[in-house]
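Here's the letter readout for the chains.
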Amino acid sequence: MPCQNDEMAKPEDTVKLVIGKQLKIRFKSLCVQSETDMSSIAKELIAAWCDEQERKQAAQKDQ
């Protein structure tokens, strides 16, 4: 019998970030002003950072 926690993988998940209050206020304010969802911005930034790190790792392997 499967455990209750054995759910299908969810396409979205929650990540808790700890940032300074000033940065948090700036981020929230700018997102509201541009009518942009904070999560979509975070996803874009994290994806770009991951891509950059993967490129760096690939370049190091080629050396």
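Refer to the structure printed above.
The text that follows walks through the structure, step by step, so that each part is easy to find. Everything numeric here is computed off the predicted structure, so don't read it as measured data.

Turning our attention to the overall build of the protein. A tally of regular secondary structure across the protein gives 2 helices and 0 strands. Taking all 63 residues of the protein together, the buried fraction comes to 2%. Of the roughly 6500 Å² of accessible surface on the protein, a fraction of 55% belongs to carbon and sulfur atoms.

Judged by side-chain polarity, Val15, Leu17, Ile19 and Leu23 come together as a nonpolar surface patch covering roughly 390 Å² of accessible area. For Ile19, the location among the structural elements is in the segment before α1 (21-33).

With that out of the way, let us pick up α1. Relative to the 18 Å expected for 13 residues at 1.5 Å per residue, α1 spans 18 Å between its end C-alpha atoms, a close match to the ideal helical length. Glu35 sits one or two positions beyond α1 and adopts a positive phi of about 55 degrees.

The residue Ile41 is located in helix α2 (residues 38-62) in this model. Setting aside residues no more than four positions away along its own chain, Ile41 makes contact with Phe27, Cys31 and Thr36.

Another aspect to go through is the pattern of salt bridges. Applying the stated rule across the entire model yields 2 salt bridges. In this structure, Glu12 engages Lys43 in a salt bridge whose closest nitrogen and oxygen atoms are separated by 3.4 Å. Linking Glu12 in the segment before α1 with Lys43 in helix α2, this pair joins segments that are 31 residues apart in sequence. In this structure, Glu52 and Lys56 form a salt bridge, with 3.3 Å as the shortest nitrogen-oxygen distance. Here the residue Glu52 and the residue Lys56 both occupy positions in helix α2, the gap between them amounting to 4 residues, near one helical turn.

Quick look at the environment of Thr14 now. Checked against the element boundaries, Thr14 lands in the segment before α1. A C-alpha to C-alpha distance of 9.5 Å links Thr14 and Ser39, two positions 25 residues apart in sequence.

To continue, consider unusual backbone geometry. Positive phi, close to 55 degrees, is recorded for Glu35, a residue that is not glycine. With respect to the helices and strands, Glu35 occurs in the loop between α1 and α2. Using a relative accessible area of 75% as the deciding quantity, one classes Glu35 as exposed.

The rules behind the values
- Residues numbered from 1 in each chain as written.
- Predicted model: local features only at pLDDT ≥ 70, side-chain atom pairs only at ≥ 80, totals over all residues.
- Heavy atoms only, no water.
- Helix = DSSP H or I, 4+ residues; strand = E, 2+ residues; numbered from the N terminus.
- Buried < 20%, exposed > 50% of the residue type's maximum accessible area, 1.4 Å probe, protein only.
- Areas by Shrake-Rupley, 256 points an atom, 1.4 Å probe, with all protein chains shown as cover.
- Patch = residues over 30% accessible without salt bridge, like charges linked within 9 Å, V, L, I, M, F, W, Y side chains within 5 Å.
- Salt bridge = Lys/Arg side-chain N within 4 Å of Asp/Glu carboxyl O.
- Expected span 1.5 Å × (residues − 1).
- Contact = heavy atoms within 4.5 Å.

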